[in-house]
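Chain and residue survey
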Amino acid sequence: MAEVNQPVVSVVPDDEGKEKFKKSEHVAFYRRQMQGPNMQHQALLDTMVLTEKGARFELLELVTQTRLLLSVSACKNETVRILIDELQPIKARYRVPDVITEEPQCEQLRLERQNKDSVTLSWSAGRHQLRVWHYPFRVEILCEDEVMVTLNSKGKLWFETLQDPPRRISNKGHVTLQEDHTSLLWKETFRQFVDIKANGPSSIGVDVCLHGFNHVYGLPEHADSLQLRDTRDGEPYRLYNLDVFAYDLHSRLGLYGSVPLLVAHKSDKTLGVFWLNASETFVNVHYSPSDHQDNQTPPVKRRRMQPQSDVHWLSESGVIDCRVLLGPSPQKLFTQYAQLTGYQALPPLFALGYHQCRWNYNDEADVKAVDAGFNCNNIPYDVIWLDIEHTDGKRYFTWDPVLFPEPTSLQRHLEKKKRKLVVISDPHIKIDLDWSLYCEARDGGHFVKDREGQIYQGSCWPGDSSYLDFSSPATRAWYSRCFSLEKYKGSTPSLFVWNDMNEPSVFNGPEQTMPKDSVHYGGWEHRELHNLYGFYQHMATVEGLITRSGGSERPFVLSRSFFAGSQRLGAIWTGDNVASWEYLKISIPMLLSLSVAGIVFCGADVGGFVQDPEPELLVRWYQAAALQPFFRGHSAKETKRREPWLFGDEVTAAIRTVIQQRYCLLPYWYTVFHQAHTSGLPPLRPLWVEFPQEQSTFTVDNQYMIGGALMACPVTESGVQEVKVLLPGAGEIWYDIHSGKAYKGGKTLSLPVTLDTVPVFQRGGSVVCRSVGSGTCTAELQQIPLCITAALNSQGVADGELYLDDGHSFSYRDRKAFCLRRFNMLSGRLICRPASDEGTFDCDSVIQSVTILGVKRHPSTVVIHVSGTKDTSAAFQYTETCCRLTVSNLNLKVLKDWEIKIG
């Protein structure tokens, strides 16, 4: 069925459309740096001092005679930090706090070689080296004498020093700038908005060359392909958190969140570059050799040229704080990044279930009817959500007295069924002199100020609003206390939170956000920390929920805006998408880009937030989203109601099936989230993460791995009867999880599909645990038996893990109340043993059945051996057509050691 393009009507009042957003040509610091001329820097090698944490050098800019301070350090976790600041600034420049969880331990550097042109430093066993060149200044990172990374290889280092303002004229108490030729740098106008820079232009930039690489990834959030594109033919990637309704696809303009992490991969190495800066940032990517090179380079010579990726970072303010993550494997790199910015929070189990949301469920009766609808239709779900209309006049922490008069009893009604309620809490506070919360925030100094020192006022859902200054620790603490059961009237321990509009969104602000010359805690301008605003609200909300439970219960908070480190707080989603096949398709590379950059608990609104999906699109979206980390159906108030049972029996059945399958797979999902929590490995992985040497995987972004065992290829096109699936790995075996049929890797499979087909394959060599049933919500899963599927590789081997804990508390962390079990298939024996010496957890979970895929011959016997008991024979079925052995009617405790011998 052909898609009918409906006009997308904005939900933002008096929306002026996409013209309200800047392109790079509208941004003065970007123009200055790109137009040049380049600054000329020397490293003064005779200023070198080897310090406890590395080495420091002075840099000299030849034209202005400005001196900078270069600090280089090598860390024990195989990362290198390059920091450039002014040598003697008129005041401290902004350095991003609270993102790095702890600075890694530094190695002692030693001098390897020195001459008039360069200094070479090494550390530890000497495998890696740092080389600083005098002129033109550059820093090289070498591995076994081969240059991997060069900072400033193209001479793009740019550093504008802070200045005292030019002569000021006081005009009725307002500070204005003397109009002269320099004032244009201090004052920037976009449309009707004027931005005055307190200390003048302060932008920074530098280029980083990644030698040997021609595939780079990361830099979310953009509605674009997984592999970053060469930016010579268009806009740079912009990192500037903005509320972009129905965002353009295949665009590099900024969206709701920013992670300045770029990951480069080639078949024998993976590297990362982390640019720790929270101001507006642009990134240009140039691949060489590339199609963009001039035609004078003969194709033969072009093939001989070593590939490289040149990445040019430009930020409006702050310091150059560049961390190079040396890998060398994807897994090692993810761990290095998690060690810097934090590991993914282990979510409560209910958060991995299905969430039902709408702007807005009308009243308490509506909520109860939707809740009952899931039971009537035998569809499991865990959480129902309330958008802004649940409040009393868009005042957060309140309830509409007519529509939601008994919020506590509503939550108790849900809690009896072990379900939760989520409510929205945005960062803007309605200006209402009769509202105690507003007065408390105002009197406590908790609001952002304008450049004149008055409380900043902007417009959002409640109308005139002020914005909480979450960069202040005191404001965050005050906000956290607002979530206490005593203070948040009508809340209970089963209420969780959704932070929206926290870029922050300001309907009447420049680019629909806060002016850059607004002033935060410590006197810092908003321009310095814009991309941190949502991160800080997310942090304050999470700390509020943890405090509410006395530190015993895991929180769940969804945030629209995010930064590096948001993974340790909770979940994010991809914002205001549209009900179209193109948005379904782009959701996969968007979620993979987030996952590569550490934001692994991510998802997209099922069915699209705006417009009405046709039934086929809705089914395909549920099928895709059920195979992604955060799984929520959400829609705007202008759309038709979209509960899963409103589209006829066939659609209801198809949606029921995929949600039930999601619940059955939750033991596996929970295990891969535990892996993310402990090792930094994302649950959703691009194929190249698992198959780093397979070049055919480097650009694939329509299929992906879930953990190391399952590969998904959701159907994202209308009316298709066949999909092409890349099966990586020439020596691999892939098993269709529905039919059990085996396929050899190293080829592309043409797979026939119907509306019910969800292409998922289990990798040979893996073991996956599922629940045998789905229950009505995740709380029932611990009572439901498990089944195991072991998929043998070509050597007849398979292994996997299962992680169990209570699913909701911090006891796994504080009391080591968890268990991690390993299932290992080798030489015809499936063995269950502890995977870790740590952890004790008392549970009655049992394995009811075991399926082994790839058993080449019909077994004569299957014998069960449990420690301390006699061996027993087990009944089994063997299906010759797909070499599948099923052993059923088992009752094997997960916590016991046992083995199954196949004779």
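A few points on the structure. (Residues numbered from 1 in each chain as written. Predicted model: local features only at pLDDT ≥ 70, side-chain atom pairs only at ≥ 80, totals over all residues. Heavy atoms only, no water.)

With that settled, consider the overall build of the chain. Tallying secondary structure elements over the chain gives 16 helices and 53 strands in all. Relative to the compact-globule value of 29 Å for 903 residues, the chain shows a C-alpha radius of gyration of 28 Å, a close match. In terms of principal-axis extent, the alpha carbons of the chain reach across some 90 × 70 × 55 Å. Relative to its 903 residues, the chain shows a buried fraction of 63%. (Helix = DSSP H or I, 4+ residues; strand = E, 2+ residues; numbered from the N terminus. Rg over C-alpha atoms; globule rule 2.2 N^0.38 Å. Buried < 20%, exposed > 50% of the residue type's maximum accessible area, 1.4 Å probe, protein only.)

Note on sheets: strands pair through backbone hydrogen bonds, and any given pair is parallel or antiparallel. Here we have 8 strands laid out as an open sheet, ordered β1-β2-β3-β4-β22-β19-β18-β16, and antiparallel in their pairing. Two strands in the sheet have a free side with no partner beyond their single neighbour: β1 (41-51) and β16 (216-218). Along the sheet, successive strands turn relative to each other by an average axial angle of 20°, direction set aside. The sheet contact formed by strand β2 (residues 54-61) and strand β3 (residues 67-75) spans 6 bridges and is antiparallel. In the sheet register, Glu-58 faces β3, and the bridge partner there is Leu-69. Along the sheet, helix α4 (residues 330-341) contacts β4 (79-86), β18 (261-266), β19 (269-275) and β22 (320-325); its crossing angle with β19, the most-contacted strand, is approximately 20°. (Pairing = 2+ DSSP bridges. Axes fitted to C-alpha atoms, helices over the stretch in contact; angles between N-to-C directions. Contact = heavy atoms within 4.5 Å.)

Quick look at the environment of Thr-341 now. Summarising the element assignment, Thr-341 is placed in helix α4. Owing to a relative accessible area of 0%, Thr-341 belongs among the buried residues under this scheme. In sequence terms Thr-341 and Ala-564 are 223 residues apart; their C-alpha atoms lie 6.6 Å from each other. Leaving out residues up to four positions away in the same chain, Thr-341 has contacts with Val-99, Ile-100, Thr-101, Phe-274, Ala-564, Gly-565, Gln-567 and Arg-568. Engagement of the side chain of Thr-341 in a polar contact is seen with the side chain of Gln-567, the distance being 2.8 Å. (Polar contact = N/O pair within 3.5 Å; in protein donor to acceptor, adjacent residues only side chain to side chain.)

Turning our attention to the environment of Pro-785. Tracing the backbone through its elements, the reader meets Pro-785 in the loop between β42 (766-771) and β43 (786-791). Distance from Pro-785 to Glu-107, taken between C-alpha atoms, is 50 Å for residues 678 residues apart in sequence. When near neighbours in sequence (up to four residues on either side) are disregarded, Pro-785 contacts Arg-770, Ser-771, Val-772, Val-846 and Gln-848.

Attention shifts here to the nonpolar core. Generally speaking, soluble globular proteins have nonpolar side chains that are buried together. Membership of the largest hydrophobic core comes to 170 residues, with the highest contact counts inside it found for Phe-274, Leu-532 and Phe-556. The element contributing the most residues to this core is helix α11 (residues 581-596), with 10 residues. Excluding its chain neighbours within four sequence positions, the residues that come into contact with Leu-532 are Tyr-94, Val-96, Pro-97, Val-99, Ala-278 and Phe-563. By size, the runner-up hydrophobic cluster in this structure holds 52 residues, among which are Leu-151, Leu-157, Ala-264 and Leu-271. (Core = buried A, V, L, I, M, F, W, Y, C linked by side-chain atoms within 4.5 Å.)

Next up on the list: the packing of helix α12 (residues 615-625) against helix α13 (residues 649-664). Packed helices, taken two at a time, are described by the angle their axes make and the gap between the axes. Direction vectors running N to C along α12 and α13 enclose 5°, while the axes themselves pass 9 Å from each other. As the angle between them shows, α12 and α13 are arranged roughly parallel. Between α12, through Pro-615, Leu-618, Val-619, Tyr-622, Gln-623 and Ala-625, and α13, the contact on the second element is made entirely by Val-651, Ala-654, Ile-655, Val-658, Ile-659 and Arg-662. Its residues assigned to classes, the contact of α12 with α13 comprises 10 nonpolar, 1 polar and 1 charged. (Parallel < 35°, antiparallel > 145°, perpendicular 65-115°, else oblique. Nonpolar A, V, L, I, M, F, W, Y, C, P; charged D, E, K, R; others polar.)

The next point concerns the pairing of strand β14 (residues 193-196). Looking at chain direction, strand β13 (residues 187-190) and β14 are connected through 4 bridges and run antiparallel. In the strand pairing of β14, Lys-187 is matched with Ile-196. If you look at the hairpin formed by β13 and β14, you'll find 2 residues sitting between the two strands, and Arg-191 has a positive phi there, around 55°.

With that settled, consider the pattern of salt bridges. When their charged atoms lie close together, side chains carrying opposite charge are able to pair. Considering all chains together, one arrives at 62 salt bridges under this definition. Residues Glu-316 and Arg-527 are paired through a salt bridge, measuring 2.9 Å at the closest nitrogen-oxygen approach. Residue Glu-316 is found in the loop between β21 (308-315) and β22, and its partner Arg-527 is found in helix α9 (residues 526-529); the two are separated by 211 residues along the sequence. Here Glu-503 and Arg-560 are joined by a salt bridge, their closest N and O atoms 2.8 Å apart. With Glu-503 in the loop between β29 (495-499) and α9 and Arg-560 in the loop between β30 (557-559) and β31 (571-573), this residue pair connects regions lying 57 residues apart in the sequence. (Salt bridge = Lys/Arg side-chain N within 4 Å of Asp/Glu carboxyl O.)

This brings us to unusual backbone geometry. In the segment running from Pro-220 into Glu-221, the intervening peptide bond is cis, with an omega of 20°. Locating Glu-221 in the fold gives a position in the loop between β16 and β17 (237-239). For the bond from Gly-327 to Pro-328, the omega torsion is 10°, close enough to zero to count as cis. Mapping Pro-328 onto the fold places it in the loop between β22 and α4. A positive phi angle is found at Glu-511, which is not glycine, with a value near 55°. Along the chain, Glu-511 falls in the loop between β29 and α9. A positive phi angle, near 70°, is found at Gln-611, a position not held by glycine. With respect to the element layout, Gln-611 can be found in the loop between β32 (602-603) and α12.

For the rest of this paragraph, the subject is the packing of aromatic side chains. Enumeration according to the criterion identifies 43 aromatic pairs in this entry. Members of the aromatic cluster, each reached through a chain of ring pairs, are Phe-350, Trp-385, Phe-496, Trp-498, Phe-556, Trp-573, Phe-601, Phe-630 and Phe-673. Directly above the aromatic system of Tyr-240 lies the positively charged group of Lys-516, at a separation of 5.1 Å from the ring centroid. Here the basic side chain of Arg-632 rests over the ring of Trp-498, its NZ or CZ set 4.8 Å away from the ring centre. (Phe/Tyr/Trp six-rings, centres within 6.5 Å; stacked < 30°, edge-to-face > 60°. Lys NZ or Arg CZ within 6 Å of the ring centre and 35° of its normal.)

Attention shifts here to the sheet that holds strand β28 (residues 463-467). Read across the open sheet, the 3 strands follow the order β26-β28-β27; overall the sheet is antiparallel. A strand with exactly one partner marks an edge of an open sheet, and here the two such strands are β26 (428-430) and β27 (458-460). On average, each strand axis in the sheet is inclined to that of its neighbour by 60°, with strand direction left out of account. Where β27 meets β28, 3 bridges bridge the pair, whose relative direction is antiparallel.

The residue Thr-652 is located in helix α13 in this model. Beyond its immediate stretch of four places on either side in the chain, Thr-652 contacts Asn-377, Ile-379, Pro-644 and Trp-645.

Take the side chain of Ser-118 next. Within the fold, Ser-118 resides in strand β6 (residues 118-122). Judged by relative accessible area, Ser-118 falls into the buried class, the value being 7%. Excluding anything up to four places from it in sequence, Ser-118 contacts Leu-45, Arg-113, Arg-131, Val-132 and Trp-133.

Moving on: the packing of helix α5 (residues 364-376) against helix α6 (residues 407-416). Between α5 and α6, whose axes approach to 11 Å, the crossing angle comes to 5°. By the angle between their directions, the pair α5 and α6 is classed as roughly parallel. Facing Glu-364, Val-367, Lys-368 and Asp-371 of α5, the residues of α6 in contact are Pro-407, Leu-410, His-413 and Leu-414. Its residues assigned to classes, the contact of α5 with α6 comprises 4 nonpolar, 1 polar and 3 charged.

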